[in-house]
Amino acid sequence: GDSVTQMEGPVTLSEEAFLTINCTYTATGYPSLFWYVQYPGEGLQLLLKATKADDKGSNKGFEATYRKETTSFHLEKGSVQVSDSAVYFCALLDLYTGNQFYFGTGTSLTVIP
Amino acid sequence: GAVVSQHPSWVICKSGTSVKIECRSLDFQATTMFWYRQFPKQSLMLMATSNEGSKATYEQGVEKDKFLINHASLTLSTLTVTSAHPEDSSFYICSVQDRVVGQPQHFGDGTRLSIL
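Treat the numbers as computed from the prediction; the structure is a model and nothing was measured.

Novice: What exactly am I supposed to notice about the side chain of serine 77 of chain B here?
Specialist: Residue and element names in this part refer to chain B. When you line up the elements, serine 77 lands in strand β8 (residues 76-81). Taking the relative accessible area as the measure of exposure, serine 77 reaches 0% and is therefore buried. Among the polar contacts listed, one links the side chain of serine 77 to the side chain of tryptophan 35, at a separation of 3.0 Å. Apart from the residues lying within four places of it in its own chain, the contact partners of serine 77 are Ile21, Glu22, Cys23, Met33, Trp35, Ser50, Ile69, Asn70 and His71.

Here you go:
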């Protein structure tokens, strides 16, 4: 079945450091891929998305490229800020298996000044 | 602006109380809404899929009589935690299926439920 495997945290970085959070997936069809961010005590916000192979999603300095050959969708940011501290979820939507989202386990990021 | 409104954001109540959580689609009529549960420092667990005008579809292991879902209109789904106990304390999040096929769900801000 479909699944998402996400790099375990927690991750602690200094401000302006480079961030990578790995995400790989397994899907029956041709999924759309997403990164969501959850700030403390809040719901999920869509950070970026990619709907087909080689698409690059980007938002707020974050980027992720849909790599079909490696079934990956790694999240990157060149220079993190304290305000980026949150939990990041990789997610998959495979229409072949219906409208259900498959979430990774989440990666907690803490950026220290 | 917000697409989904979830209310209340935080509930604290005594054991044995029934608690209702509302999820409203603000921008469009939603035939399908989803209810998730999130334990501390864990991912989201899909509890049920709420379909307007029909019974909700529950995931395996989720008690239907415990978590009552009503999707009475195209803009409102409710989750009622009946006779809540401390083990029901959790973060509950609803989401709305976008009108466009393949587009992501829109999430509410979540409801933190604390049962004393």
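Back to the text.
Novice: I tried to follow the pairing of strand β7 (residues 67-73) of chain B on my own but got confused; where do I start?
Specialist: For a regular strand, the rule is simple: side chains alternate between the two faces of the sheet. All names here are of chain B. In terms of strand pairing, β7 meets β8 through five bridges, oriented antiparallel. Within the sheet, the bridge partner assigned to isoleucine 69 lies in β8 and is leucine 79. Hairpin connection of β7 to β8: two residues between the antiparallel strands.

Novice: What is the right way to look at the pattern of salt bridges in this model?
Specialist: Any two side chains of opposite charge can pair, given that their charged atoms come close. In this structure the tally under the stated criterion is five salt bridges over all chains. Put simply, lysine 56 of chain A and glutamate 63 of chain A hold a salt bridge, and the shortest N to O gap is 3.6 Å. Judged by relative accessible area, glutamate 63 of chain A falls into the partly exposed class, the value being 33%. Put simply, arginine 24 of chain B and glutamate 22 of chain B hold a salt bridge, and the shortest N to O gap is 3.5 Å. The exposure class of glutamate 22 of chain B is partly exposed, given its relative accessible area of 23%.

Novice: Got a minute to help me understand the sheet that holds strand β8 (residues 62-65) of chain A in this structure?
Specialist: Strand pairing in a sheet is mediated by backbone hydrogen bonds. Such pairs are either parallel or antiparallel. Residue and element names in this part refer to chain A. In spatial order, the strands read β3-β9-β8-β7; together these four strands make up an open sheet with antiparallel pairing. Of all strands in the sheet, those bounded by a partner on one side alone are β3 (19-21) and β7 (56-59). Neighbouring strand axes in the sheet, compared pairwise and without regard to direction, differ in orientation by 15 degrees on average. Pairing of β8 with strand β9 (residues 75-77) involves three bridges; the strand directions are antiparallel. In the strand pairing of β9, glutamate 63 is matched with glutamate 76.

Novice: Would you take a moment to explain a nonpolar patch on the surface for this structure?
Specialist: Judged by side-chain polarity, Trp10, Ile12 and Leu116 of chain B come together as a nonpolar surface patch covering roughly 400 Å² of accessible area. Overall, leucine 116 of chain B belongs to the exposed group, its relative accessible area being 64%.

Novice: Help me understand the sheet that holds β8 of chain B in this model?
Specialist: Residue and element names in this part refer to chain B. Across the sheet, four strands lie side by side as β1-β3-β8-β7; this open sheet has antiparallel pairing. Where the open sheet ends on each side, the last strands, each with one partner, are β1 (4-7) and β7. Across the sheet, the mean angle from the axis of one strand to that of its neighbour is 15 degrees, orientation sign disregarded.

Novice: Could you clarify how one ought to interpret the interface of chain A and chain B in this entry?
Specialist: Interfaces are often sized by the accessible area lost when the parts come together. At the interface, 19 residues of chain A touch 20 residues of chain B. Buried area between chain A and chain B, summed over both chains or domains, comes out near 1500 Å², and the portion from carbon and sulfur atoms is 58%. Put simply, chain A and chain B have zero salt bridges between them. Taken together, chain A and chain B are joined by four residue pairs in polar contact (both at pLDDT 80 or more). Of all elements in the fold, only β5 (32-38), β6 (44-50), β10 (86-93) and β11 (101-103) of chain A reach the threshold of two or more residues within the side of chain A that touches chain B. Take the side of chain A that touches chain B: its biggest share by element is four residues, from β5 of chain A. Here the side of chain A that touches chain B is built from residues that sort into nine nonpolar, eight polar and two charged.

Novice: Before we go on, may I ask you to explain unusual backbone geometry in this structure?
Specialist: A negative phi angle characterises most non-glycine residues, just as the trans form characterises most peptide bonds. All names here are of chain A. A cis amide bond links glycine 9 to the next residue, proline 10, at an omega of -5 degrees. Locating proline 10 in the fold gives a position in the loop between β1 (3-6) and β2 (11-14). A positive phi is found at glutamate 16, a non-glycine position, where the angle reads about 75 degrees. A relative accessible area of 61% means that glutamate 16 is categorised as exposed. Despite not being glycine, lysine 60 has its phi angle at roughly 55 degrees, a positive value. With respect to the secondary-structure elements, lysine 60 resides in the loop between β7 and β8.

Calculation notes
One numbering rule holds for all chains: residues counted from 1, following each sequence as written. The lettering of chains begins at A and the numbering of ligands begins at 1, in the order of writing. Totals for whole chains, interfaces and linings use all residues, but because this is a predicted model, local features are given only for residues with pLDDT of at least 70 and pairs of side-chain atoms are given and counted only at 80 or more. Values shown for side chains rest on all heavy atoms present in the structure; no hydrogens or waters enter the calculation. Counting from the N terminus, the helices are the DSSP runs of H or I reaching at least four residues and the strands are the DSSP runs of E reaching at least two. Throughout, exposure labels follow a simple rule: accessible area from a 1.4 Å probe, protein chains only, divided by the maximum for the residue type, with under 20% read as buried, over 50% as exposed, and the rest as partly exposed. Under this definition, polar contacts are N or O atom pairs within 3.5 Å; protein pairs additionally need one hydrogen-donor-capable and one acceptor-capable atom, and for neighbouring residues in sequence, both atoms have to be side-chain atoms. We call two residues contacting when some pair of their heavy atoms lies within 4.5 Å. By the convention used here, strands pair only if DSSP detects at least 2 bridges between them. Any carboxyl oxygen of Asp or Glu that lies within 4 Å of a side-chain nitrogen of Lys or Arg is treated as forming a salt bridge with it. Fitted lines through C-alpha atoms give the axes, limited to the stretch in contact for helices. The angle between two N-to-C directions lies from 0 to 180 degrees. Within this analysis, patches are made of residues with over 30% relative accessible area and no salt bridge. Like charges are joined at 9 Å or less; nonpolar side chains (Val, Leu, Ile, Met, Phe, Trp, Tyr) at 5 Å or less. Values of accessible area rely on a 1.4 Å probe in the Shrake-Rupley scheme; residue burial ignores everything except the protein chains shown. A simple way to read buried area is as the amount of 1.4 Å-probe accessible surface that goes missing from two parts once joined, with both sides added. Note on residue classes: Ala, Val, Leu, Ile, Met, Phe, Trp, Tyr, Cys and Pro are nonpolar, Asp, Glu, Lys and Arg are charged, and everything else, Gly too, is polar.

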